[in-house]
Amino acid sequence: MKININDKILEVKNDITVTGLIAFFKLNVKSTAVAVNKEIVPRSSYAEFTLKERDKVDLVTIAPGG
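Everything quoted here is computed from the prediction, not taken from an experiment.

Even after reading the chapter, I still don't get the nonpolar core, so can you show me in this structure?
Soluble globular proteins tend to pack their nonpolar side chains together in the buried interior. Counting 15 residues, the largest nonpolar core has I3, L21, V34, L51 and V57 as its most contacted members. Every element with two or more residues in this core is listed here: β1 (2–5), α1 (18–24), β3 (32–36) and β5 (56–61). The dominant element in this core, judged by the number of residues it contributes, is α1, at 3 residues. Setting aside residues no more than four positions away along its own chain, I3 makes contact with K8, I9, L10, V12, L21, L51, K52, R54, D55 and V57.

I'm lost on the pattern of salt bridges in this one. Help?
One side chain can pair with another of opposite charge once the charged atoms of both are near each other. Following the criterion strictly, the structure yields 2 salt bridges and no others. In this structure, K56 engages D7 in a salt bridge whose closest nitrogen and oxygen atoms are separated by 3.5 Å. Taken together, the positions of K56 in strand β5 and D7 in the loop between β1 and β2 (8–11) put the pair 49 residues apart, joining distant regions of the chain. For K56, a relative accessible area of 26% gives the class partly exposed. Among the ionic pairs, D58 bridges to K56, the shortest N-O distance being 3.4 Å. Three or more residues joined by partner-sharing salt bridges are found here, namely D7, K56 and D58.

How each quantity is defined
- Residues numbered from 1 in each chain as written.
- Predicted model: local features only at pLDDT ≥ 70, side-chain atom pairs only at ≥ 80, totals over all residues.
- Heavy atoms only, no water.
- Core = buried A, V, L, I, M, F, W, Y, C linked by side-chain atoms within 4.5 Å.
- Buried < 20%, exposed > 50% of the residue type's maximum accessible area, 1.4 Å probe, protein only.
- Helix = DSSP H or I, 4+ residues; strand = E, 2+ residues; numbered from the N terminus.
- Contact = heavy atoms within 4.5 Å.
- Salt bridge = Lys/Arg side-chain N within 4 Å of Asp/Glu carboxyl O.

Keep in mind these numbers describe shape, not what the thing actually does.
Printed below as a string of structure tokens:
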């Protein structure tokens, strides 16, 4: 299925969760914030939150340092 991630269309497997998407990009769950269709997804829901065709996903990673 196709979803929009940070304004880029990406083909992902059906029934992928937010946790699966974070793993796909090899990001750290603890330092990644996710919004789907402009709604923030609580970290506690990442494993259960299944993405749907044409969802708009914003992934933001926090990097330490300055």
